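Coordinate inspection notes
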Amino acid sequence: MRAMEVEAVGAVPSPRRPVQPFGVTAELAGTRTKLREAAPPDRWDAVQAEVHRLQFEQGMSPLAALQAVYARIASGWVPTTPR
């Protein structure tokens, strides 16, 4: 039997592709990105609080809550900052 040389597997980098979300995950990510772009930067915490409030008090899904807050911001609503 002849000796055979084998390269270590760790020495060969595997190609990495970015993870592409799909379905509801992609829709959530897209809506969240649009909401973040539309929201005043100094009010992002208040925007997130409103999304969470709608989810828990109104029983909305995460996607529906994001869309509702996005619609409110698009119509001119500005969240208040907590004191």
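The numbering scheme is per chain: residues are counted from 1 as the chain's sequence reads. Predicted model: local features are reported for residues with pLDDT of at least 70 only, side-chain atom pairs are reported and counted for 80 or more only, and whole-chain, interface and lining totals are derived from all residues. Note: side-chain values were computed over all heavy atoms of the structure, leaving out hydrogens and water.

A word on the nonpolar core. We define the nonpolar core as a collection of buried residues of types Ala, Val, Leu, Ile, Met, Phe, Trp, Tyr and Cys that are connected through side-chain atoms lying within 4.5 Å of one another. Partly exposed residues are those whose accessible area sits between 20% and 50% of the maximum for their type, while under 20% is buried and over 50% is exposed, using a 1.4 Å probe and protein chains only. Counting 10 residues, the largest nonpolar core consists of L35, A39, W44, V47, V51, L54, A65, L66, V69 and I73. Secondary structure is summarised from DSSP: a helix means a run of H or I of at least four residues, a strand means a run of E of at least two, and numbering begins at the N terminus for each. Of all the secondary structure elements, the ones that give two or more residues to this core are α2 (44-58) and α3 (62-74). Apart from the residues within four sequence positions on either side, V69 is in contact with L35, V47, E50, V51, L54 and W77. By definition, residues are in contact when any of their heavy atoms lie within 4.5 Å.

Structurally, E50 can be placed in helix α2. Assessed through its relative accessible area of 11%, E50 is described here as buried. Those residues in contact with E50, other than ones at most four positions away along the chain, are V69, R72 and W77.

A pair can form between side chains of opposite charge whenever their charged atoms are brought close. Salt bridge, as applied in this entry: a Lys or Arg side-chain nitrogen positioned within 4 Å of an Asp or Glu carboxyl oxygen. Summed over the entire model, instances satisfying the criterion amount to four salt bridges. In this structure, E50 engages R53 in a salt bridge whose closest nitrogen and oxygen atoms are separated by 2.8 Å. Residue E50 and its partner R53 are located together in helix α2, separated by three residues, close to a single helical turn. The salt bridge involving R72 is made with E50; its shortest N-O contact spans 2.4 Å. Of this pair, R72 sits in helix α3 while E50 sits in helix α2; the two residues are 22 residues apart in sequence, bridging distant segments of the chain. Members of the salt-bridge network, linked through shared partners, are E50, R53, E57 and R72.

Let us now look at the packing of helix α1 (residues 24-38) against α2. Each axis is a line fitted through C-alpha atoms, taken for helices only over the stretch in contact, and angles between the N-to-C directions span 0 to 180 degrees. At a minimum axis separation of 10 Å, α1 and α2 run at an interaxial angle of 140 degrees. Put simply, α1 runs oblique to α2. Crossing of α1 against α2: the hand is right-handed. Two secondary-structure elements touch here, α1 through R32, L35 and R36 and α2 through W44, V47, Q48 and V51. Every angle not falling under 35 degrees, over 145, or within 65 to 115 is termed oblique; those three ranges are roughly parallel, roughly antiparallel and roughly perpendicular. The hand of a helix crossing depends on one turn: near helix anticlockwise from the far one by less than a right angle means left-handed, and clockwise means right-handed.

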